[in-house]
Amino acid sequence: MAAARGRKRRLAELTVDEFLASGFDSESESEPEGAPEVETRAACGADRSLDGLGGSPWSSRRKGRASEHKDQLSRLKDKDPEFYKFLQDNDQSLLNFSDSDTTEDEEEQLHSLPDTLEEASVEEEDADEDGVPGGLKGKKRDSVSVTLAMVERWKQAAKQHLTPKLFHEVVQAFRAAVVTTQGDQEGAEASRFQVTDSAVFNALVTFCIRDLFGYLQKLLFGKATKDSSRVLQPSSSLLWGKLRLDIRVYLSSVIQLVACITETTVAAAVLQHISSSVLYYLTFPKQCRMLLKRMVVLWSTGEETLRVLAFLVLVRVCRHKKEVFLSPILKQMYITYVRNCKFTSPSTLPFINFMQRTLIELLALDTGIAYQHAFLYIRQLAIHLRNAMTTRKKETYQSVYNWQFVHCLYLWCRALSTVCPSEALQPLIYPLSQVVIGCIKLVPTARFYPLRMHCVRALTLLSESTGTFIPVLPFILEVFQQVDFNRRPGRMSSKPINFMVILKLSKVNLQEKAYRDGLVEQLYDLILEYLHSQAHSIAFPELALPAVLQLKSFLRECKVANYCRQLRQLLEKVQENAEYICSRRQGASFSVADLHAVDTWEKQTREEGTPLTKYYNQWRKLREREIQLEISGKERLEDLNLPVIKRRKVGDRKNEDRVEFKDLFDLHSDEEDSTVDFSERGKPGSPGAWQRVKEEEEEEEEEEDEEDEEDGSCSSQEVSSSKDGSPDTEVGLDDQELWRLAQGPEDELQDLQLSEED
């Protein structure tokens with residue numbers, strides 16, 4: 001019996017032919033329960049013994065086939081040596097044939113039973129518990145409509161004790177609610193739950209966003225640990241395996257919800273929830289990448305509050321997994337920044353500045369990664385500039401002289417200024433400054449003065465923060481030599497030019513008075529900002545000498561009082577600061593070659609303060625206030641109190657003229673019986689009316705009055721009589737005098753028409 005059992009082999013080791021040839025043995029069915037284990041051990045021992053004695057017949061048969069095939073290949077060497085040599089050169093693996101190769105190939109062709117059987121999913125178990133018949137499981141299941149009572153029941157149950165089954169139900173209902181916001185009818189029908197009421201949607205989303213993850217945290221980790229500095233990873237919980245799939249579905253639904261929400265307050269609440277659940281997103285790389293893309297979009301295009309919250313999410317992700325996500329986030333944010341700074345206005349400038357500062361904050365997390373991105377993108381800017389300088393075409397000029405290029409230059413200047421001192425980014429200061437200087441020199445005309453101002457500000461910031469000397473002052477003083485400020489403006493303009501939001505001036509702007517007023521103000525600001533950055537330098541008198549000479553020359557030649565008053569004040573402050581530095585360095589006991597002593601002296605001077613620094617601080621407060629007013633839309637034009645021109649309609653002017661010249665028509669009606677014909681030269685009028693016309697055109701009619709003194713004396717008598725109050729229509733006049741009054745000046749009608757137009 002034992003030998004018979006030993007010869008039996010397991011079903012998995014038999015081929016189909018052996019199984020059919022061996023027949024069906026039913027003895028195993030009648031054996032007791034403990035027999036299979038004994039039989040298995042006996043069979044394994046028999047197999048090992050047979051293998052030790054030379055193997056089973058099947059194994060020997062397999063090995064026999066392999067050896068036979070090997071013999072055929074060896075005989076091939078004698079029968080066809082050329083073909084055998086060809087095989088050696090081209091297919092060595094065919095000749096190096098072993099028994100194990102055929103064994104593995106033949107075993108792969110055999111059917112193998114699975115180690116474990118499939119288990120029912122959680123949804124199927126829930127269906128069984130809900131009372132769904134087993135025969136209906138394969139059919140489509142009807143969706144359950146979520147009600148307020150169900151949401152309230154889930155809320156109370158989760159508050160008492162959250163279970164994996166309850167969490168699964170809430171997640172499925174939340175997923176169905178989010179699907180409705182996207183208009184996915186098929187997805188809504190395939191879901192187990194269905195949300196159709198807006199009140200139910202609001203209650204369910206509020207419960208999930210506000211309370212659900214707090215209960216989930218208790219379920220995963222129990223009571224909170226006393227060590228608050230320790231970060232608990234969700235994947236370290238014992239229940240993570242049961243809740244993992246439901247958590248992933250929930251996180252994906254939250255990302256979809258953020259993309260669909262339009263209300264700012266609701267979106268802000270969801271973003272705060274996402275920020276608190278960043279650790280859960282980090283355990284799912286795919287969901288984390290989806291989240292980062294959505295956050296970058298909100299960071300660049302959302303409302304102000306949403307921009308800040310989205311940036312906080314990005315910062316938290318980068319701080320936890322900097323080596324994985326920092327580099328792709330920086331790349332995506334830089335591309336988005338360039339795309340969204342194409343147009344600049346007083347309303348968009350604050351958002352552009354926000355993107356600059358936040359992007360620099362991420363660059364400061366790792367200077368090594370920041371150097372890679374900065375080197376790449378500064379090199380791209382240099383390539384655009386080189387193409388513009390070599391080709392000299394309008395298209396290549398436009399690739400440099402645009403807002404995107406200027407904002408990128410300012411971004412990297414601000415980045416190097418913020419991260420400084422940094423050994424990694426220090427080598428990029430010189431190439432970046434050369435790109436900015438090349439941008440200024442590309443088209444050095446008056447129309448691009450606003451762009452020059454932006455570049456000068458970027459260089460001033462870079463020079464002040466890094467302590468690197470950059471020759472900025474010549475690009476400012478050059479404007480005084482190119483512009484004639486004494487020339488009378490070609491036209492007047494009531495609205496000032498905002499140099500902060502323009503890059504190029506039109507030809508009409510160059511003729512306006514507002515252009516020169518704004519240019520003088522910009523030159524004043526730039527000179528003051530640059531000299532303030534060098535106010536503590538021991539070489540300030542020598543650095544400020546070109547500016548002092550240029551300002552003195554301008555004050556001698558300029559005849560505009562407003563311009564001279566501003567720049568004379570600046571000149572006095574610069575000279576005062578130069579005298580202060582000279583007096584301090586006269587008492588220094590070290591030489592110029594002692595750099596350490598010079599740095600110490602400059603640091604002490606900066607801490608004590610200089611006259612120019614104190615003046616700059618006061619000026620800066622006033623200037624920032626003006627900038628805030630401009631950004632908020634309150635232009636300085638409101639403070640000018642300009643007179644308002646009220647134009648009357650044509651009909652109103654005609655009515656007033658009829659009232660004014662009423663006597664004209666009255667005289668015509670009184671004299672309608674007269675035999676004199678007045679239609680040859682025009683309509684007659686009263687002497688008082690003609691006198692008012694003569695008073696308005698007194699200078700033009702002096703010559704005519706001198707030629708007709710006698711006629712004028714008659715008319716003056718009539719005028720005096722009318723002024724005394726006597727009725728002019730009752731005065732006895734002969735026909736000749738009436739004719740003279742009716743004729744009047746030759747340009748009578750023309751004067752009346754001009755008075756109407758004015």
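Residues numbered from 1 in each chain as written. Predicted model: local features only at pLDDT ≥ 70, side-chain atom pairs only at ≥ 80, totals over all residues. Heavy atoms only, no water.

Q: Tell me about the packing of helix α22 (residues 403-419) against helix α24 (residues 449-466), and please be specific about residues and values.
A: When two helices pack together, their arrangement is given by the angle between their axes and by how far apart the axes lie. Two elements in contact, α22 and α24, have axes whose closest approach is 8 Å; the angle formed by their N-to-C orientations is 10°. In terms of orientation, α22 lies roughly parallel with respect to α24. Within the contact between the two elements, α22 uses Trp-403, Val-406, Tyr-410, Cys-413, Arg-414, Leu-416 and Ser-417 and α24 uses Leu-451, His-454, Arg-457, Ala-458, Leu-461, Leu-462, Ser-465 and Thr-466. Of the residues assigned to the contact of α22 with α24, the class counts are 9 nonpolar, 4 polar and 2 charged. (Axes fitted to C-alpha atoms, helices over the stretch in contact; angles between N-to-C directions. Helix = DSSP H or I, 4+ residues; strand = E, 2+ residues; numbered from the N terminus. Parallel < 35°, antiparallel > 145°, perpendicular 65-115°, else oblique. Contact = heavy atoms within 4.5 Å. Nonpolar A, V, L, I, M, F, W, Y, C, P; charged D, E, K, R; others polar.)

Q: I'd like a description of the environment of Ser-345, backed by residues and values.
A: Take Ser-345: it is sitting in the loop between α18 (322-340) and α19 (349-363). Classification of Ser-345 as partly exposed rests on a relative accessible area of 23%. Note: C-alpha distance between Ser-345 and Val-501 (156 residues apart in sequence) is 5.4 Å. Reaching out from Ser-345, the side chain makes a polar contact with the side chain of Ser-347 at a distance of 3.0 Å. (Buried < 20%, exposed > 50% of the residue type's maximum accessible area, 1.4 Å probe, protein only. Polar contact = N/O pair within 3.5 Å; in protein donor to acceptor, adjacent residues only side chain to side chain.)

Q: Any details on the pattern of salt bridges? Residues and values, ideally.
A: Across all of its chains, the model carries 8 salt bridges by this definition. With its nearest N and O atoms 3.4 Å apart, the salt bridge here joins Arg-620 to Glu-529. Here Arg-620, found in helix α31 (residues 611-631), pairs with Glu-529, found in helix α27 (residues 513-533); they are 91 residues apart in sequence, far enough to count as distant. Residue Arg-620 is classed as partly exposed on the basis of its relative accessible area, which comes to 26%. A residue is classified by how much of its surface remains accessible, and Glu-529, at 13% relative accessible area, is buried. (Salt bridge = Lys/Arg side-chain N within 4 Å of Asp/Glu carboxyl O.)

Q: With reference to specific residues and values, describe the packing of helix α10 (residues 164-182) against helix α13 (residues 240-260).
A: Their axes nearest at 9 Å, the elements α10 and α13 cross at an angle of 25°. By the criterion of interaxial angle, the relationship of α10 to α13 is roughly parallel. For the pair α10 and α13, the sense of crossing is left-handed. On α13, the residues touching Pro-164, Phe-167, His-168, Val-171, Gln-172, Phe-174, Arg-175, Val-178, Thr-181 and Gln-182 of α10 are Leu-243, Asp-246, Ile-247, Val-249, Tyr-250, Ser-253, Val-254, Gln-256, Leu-257 and Cys-260. (Left-handed = near helix turned anticlockwise from the far one by under 90°.)

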